[in-house]
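Per-entry structural report
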Amino acid sequence: MDFQLTEEQKMIKKMVRDFAEKEIAPTVAQRDEAEEFSREILDKAGELGLLGIFFPEEYGGGGSDYLSYIITNEELARVDDSIAASYAASVSLCAWPIYTYGTEAQKKKYLVPLAEGQQLGAFALTEPNAGTDSARQQTTAVKKDGYYLLNGSKIFITNGGEAETYVVFAMTDKSKGVKGISAFILEKGMEGFTFGKKEHKMGIHGSQTMELVFQDVKVPEENLLGAEGKGFKIAMTGLDGGRIGVAAQALGIGQAALEAAIKYSKEREQFGKPICANQAIAFMLADMATRLEAARLLTYQAADLKGRGLPYSKEAAMAKMYASDAAMSIATDAVQILGGYGYIREYPVERLMRDAKITQIYEGTNQVQRMVISGQLLR
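Description of the structure in this document. Computed from a predicted structure; not experimentally measured.

**Quick look at the side chain of S92**
- Within the fold, S92 resides in helix α5 (residues 81–101).
- The exposure class assigned to S92 is buried, which follows from its relative accessible area of 5%.
- The residues contacting S92, other than those within four sequence positions of it, are Y66, Y69, P97, G241 and G242.

The structure is reproduced here in C-alpha cells:
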C-alpha cells in the first residue's frame, strides 16, 4: 500500500494551506468572538475551485480525486473549522447527492453553480424529534398536480439562511417509515420557505446554523431527487461520506492543537529549561502525535475506498469515531500543556477544544458510529 500523496495532492495541500494562512487565519479569532459567518472567504475558496474539487469538469468541477477533497477539508480545519464545516456541508452533503442521484437537468441547474463556487449548499435532515431516528420525521411532502406541497421544519442546518440550494428530506408516505422518505432540491426564496432560529453554539462560531421552516412550499415535481421513497438511502450514503469529511476536520483541529502545544512547550521555560524537556510534557506530545497519525491513516483509507468506488461505510464510521475522539483528546491536552494560557482566548487552543467537541456529535454521535461498525461486523 502506498501511503504517499501524489504530486497533485501535495500541490493541492500546499495551495489550500497557503490560502488558509493568508485569507482565513488573520480574522479567525475575530470571527469566532463575533460569531460571524464569512461568505467572502467561501467565495474566494470557490474562485480557487475548491467547492467543486472532485466533481467532473463537465459540471464545473476540478476533476481531482476524493482524497484531495479530504486533504482540503483538513487544511481548512487546521486554521478554522467553522469554514471547513460550511465548506463540507456544501460540497459533500449537498452537491454530492445531486451529482450521484440527480438527473442531468438537475446537475446542470444545481450542481454546476455549486461546483463553480457561485452558490452555497446545505443538507436538511434533522428535526427536533427525528435526529438518528429518521422514521419519526414530521416534515411532509404531498404530491399535487405537477408539484409537492412541503410542510414542516428542520433544525441545526449548517449554512441555513446563507445557502442558495438545499437538499431536504420529507415524508411522502408516513405508513412506510424510512421507505416513505423522499429527497427534494429546494431553492432559497421559494414562497413559504423561511428561516427560523439562529443557533448560538459552543464552538464553530463562524459557521451559521439555522432552523428551516416550510409552510405550503410548492416544490416542482422535477425537483424530486432520485425516486420517491429513496430519500433514506440518499441521506445515509450522504452521511457516510460526510463522516469522512468530519474525520478530516478533526485531523485539522488536532494538527493545529499539536502544533500550538509543541511551539509553546519549546518557548515556555520553568526551572531554567523549556517545559518540553520535562518528560511528562514530552510524553504527552508523543501520545498526541501518535493518536493524530493513527486517525489520519484511518481517514485517508476511508477516503481512498470511497474514491475507488469500494464499500466504505464501516471505515468511514471508524475514521469519524476515532479521529473526533483523538481531536478532542489532543485539544484537551494542548490546553493542559499551556496551563492558564490555554484557558484564555489570547491563545488558539481554547477555541480548538470547543471546535473539537462538535466533531464527536455531528454526522451521528460516536455512539451511532459504534452501531454502524458493530452492525457491519455482525452482519
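Having put the structure on the table, let's press on.
**Here's the deal with the packing of helix α9 (residues 313–338) against helix α11 (residues 366–378)**
- At a minimum axis separation of 9 Å, α9 and α11 run at an interaxial angle of 145°. The two elements α9 and α11 meet at a crossing, and its hand is left-handed. Only N366, Q369, R370, V372, I373, Q376 and L377 of α11 make contact with α9, whose side of the interface consists of S313, K314, A317, M318, K320, M321, S324 and D325.
- Looking at the contact of α9 with α11, its residues break down into 6 nonpolar, 5 polar and 4 charged.

**Re a nonpolar patch on the surface**
- On the surface, Y341, Y343 and I344 cluster together into a nonpolar patch covering about 350 Å² of accessible area.
- By secondary structure assignment, the location of Y341 is in the loop between α9 and α10 (349–359).

**Some points on the pairing of strand β1 (residues 121–124)**
- On β1, burial covers both faces: G121 and F123 on one face and A122 and A124 on the other are all buried.
- As paired elements, β1 and strand β4 (residues 165–171) share 4 bridges and run parallel to each other. Paired with A124 across the bridge in β4 is V168.

**Things to note about the packing of aromatic side chains**
- Counted by the stated rule, this structure contains 17 aromatic pairs.
- Ring geometry for F54 versus Y69: centroids 5.4 Å apart, planes at 55°, classification tilted. One end of the pair, F54, is in the loop between α3 (39–47) and α4 (66–79); the other, Y69, is in helix α4, with 15 residues separating them in the sequence. Of the two residues, F54 and Y69, neither departs from the other in class, the shared state being buried.

Each value, and the rule that gives it
Residues numbered from 1 in each chain as written. Predicted model: local features only at pLDDT ≥ 70, side-chain atom pairs only at ≥ 80, totals over all residues. Heavy atoms only, no water. Helix = DSSP H or I, 4+ residues; strand = E, 2+ residues; numbered from the N terminus. Buried < 20%, exposed > 50% of the residue type's maximum accessible area, 1.4 Å probe, protein only. Contact = heavy atoms within 4.5 Å. Axes fitted to C-alpha atoms, helices over the stretch in contact; angles between N-to-C directions. Left-handed = near helix turned anticlockwise from the far one by under 90°. Nonpolar A, V, L, I, M, F, W, Y, C, P; charged D, E, K, R; others polar. Patch = residues over 30% accessible without salt bridge, like charges linked within 9 Å, V, L, I, M, F, W, Y side chains within 5 Å. Areas by Shrake-Rupley, 256 points an atom, 1.4 Å probe, with all protein chains shown as cover. Salt bridge = Lys/Arg side-chain N within 4 Å of Asp/Glu carboxyl O. Pairing = 2+ DSSP bridges. Phe/Tyr/Trp six-rings, centres within 6.5 Å; stacked < 30°, edge-to-face > 60°.

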